[in-house]
Amino acid sequence: MRTNLATKAIDNWAPGTRIEDFFSPRLSNYFDSLKNNIMIFDRVTKATENKAKPFVLILNRFIIILAALSFIIALILITLILLENRRVILLFKAMGYRLSEVN
């Protein structure tokens, strides 16, 4: 019986026989706390979604604003191009080109 206890003590003392030997004591405390503090995935997911909801709303509004802004810029550019090339387009029409050929 005595040798059995002695071998257990030696086995526990021998470096590299336990997982805690490879980590700092703080980390072994963390491993011990994991046994007691198991996280439930559904609750964590719902909490994360609730925390991210304001950020998602801001991003959605930002996307809508950027889409509207890009549409306005495209309209302005098309208008400027047409106004700038108005004389050339009218000249082509006067020379007898069809509308599909001018475009």
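Every chain is numbered independently, its residues counted from 1 as its sequence is written. Residues qualify for local features only when their pLDDT is at least 70, as the model is predicted, and side-chain atom pairs are given and counted only at 80 or more; totals for whole chains, interfaces and linings, by contrast, use all residues. Side-chain descriptors were evaluated using all non-hydrogen atoms of the structure, hydrogens and water having been removed beforehand.

Here we look at the overall build of the protein chain
- Secondary structure counts use DSSP, requiring at least four H or I residues in a row for a helix and at least two E residues in a row for a strand, with both numbered from the N terminus. Counting secondary structure elements, the protein chain contains 5 helices and 0 strands.
- Each helix and strand of the protein chain, ordered N terminal to C terminal, gives the series α-α-α-α-α.
- Taken across its 103 residues, the protein chain has 2% of its residues classed as buried.
- Per-residue and other accessible areas follow the Shrake-Rupley method at a 1.4 Å probe size, with only the shown protein chains counted as cover for residues. With the model as given, the accessible surface of the protein chain reaches about 10100 Å², and the carbon-plus-sulfur share is 67%. Residue exposure (1.4 Å probe, protein chains only): buried if accessible area is under 20% of the type maximum, exposed if over 50%, otherwise partly exposed.

A short note on helix α3 (residues 41-84)
- For a helix, the expected span equals 1.5 Å multiplied by the residue count minus one. With 44 residues, α3 should reach 64 Å at 1.5 Å per residue; the first-to-last C-alpha distance of 61 Å fits that figure.
- Lys53 marks where α3 bends most, by close to 45 degrees; the proline Pro54 follows one to four residues later. The angle between axes fitted to the seven-residue stretch ending at a residue and the seven-residue stretch beginning at it gives the bend at that residue.

Comments concerning the confidence of the model for the protein chain
- Across the chain, each position has a pLDDT score giving the predictor's confidence in that residue, from 0 to 100. Taken over all residues, the pLDDT of the protein chain has a mean of 78, while the share at 70 or more is 61%.
- When mean pLDDT is compared element by element in the protein chain, α3 scores highest at 92, while helix α1 (residues 2-13) scores lowest at 54.

Some remarks on a nonpolar patch on the surface
- Nonpolar side chains collect at one region of the surface, where Phe62, Leu66, Leu69, Phe71, Ile72, Ile73, Leu75, Ile76, Leu77, Leu80 and Ile81 lie side by side and expose about 1100 Å² of accessible area between them.
- Leu75 gets classed as partly exposed once you look at its relative accessible area, which sits at 43%. Only residues whose relative accessible area exceeds 30% and that form no salt bridge enter a patch; like-charged residues are grouped when within 9 Å of one another, and nonpolar side chains (Val, Leu, Ile, Met, Phe, Trp, Tyr) when within 5 Å. Think of a salt bridge as a Lys or Arg side-chain nitrogen and an Asp or Glu carboxyl oxygen that are within 4 Å of each other.

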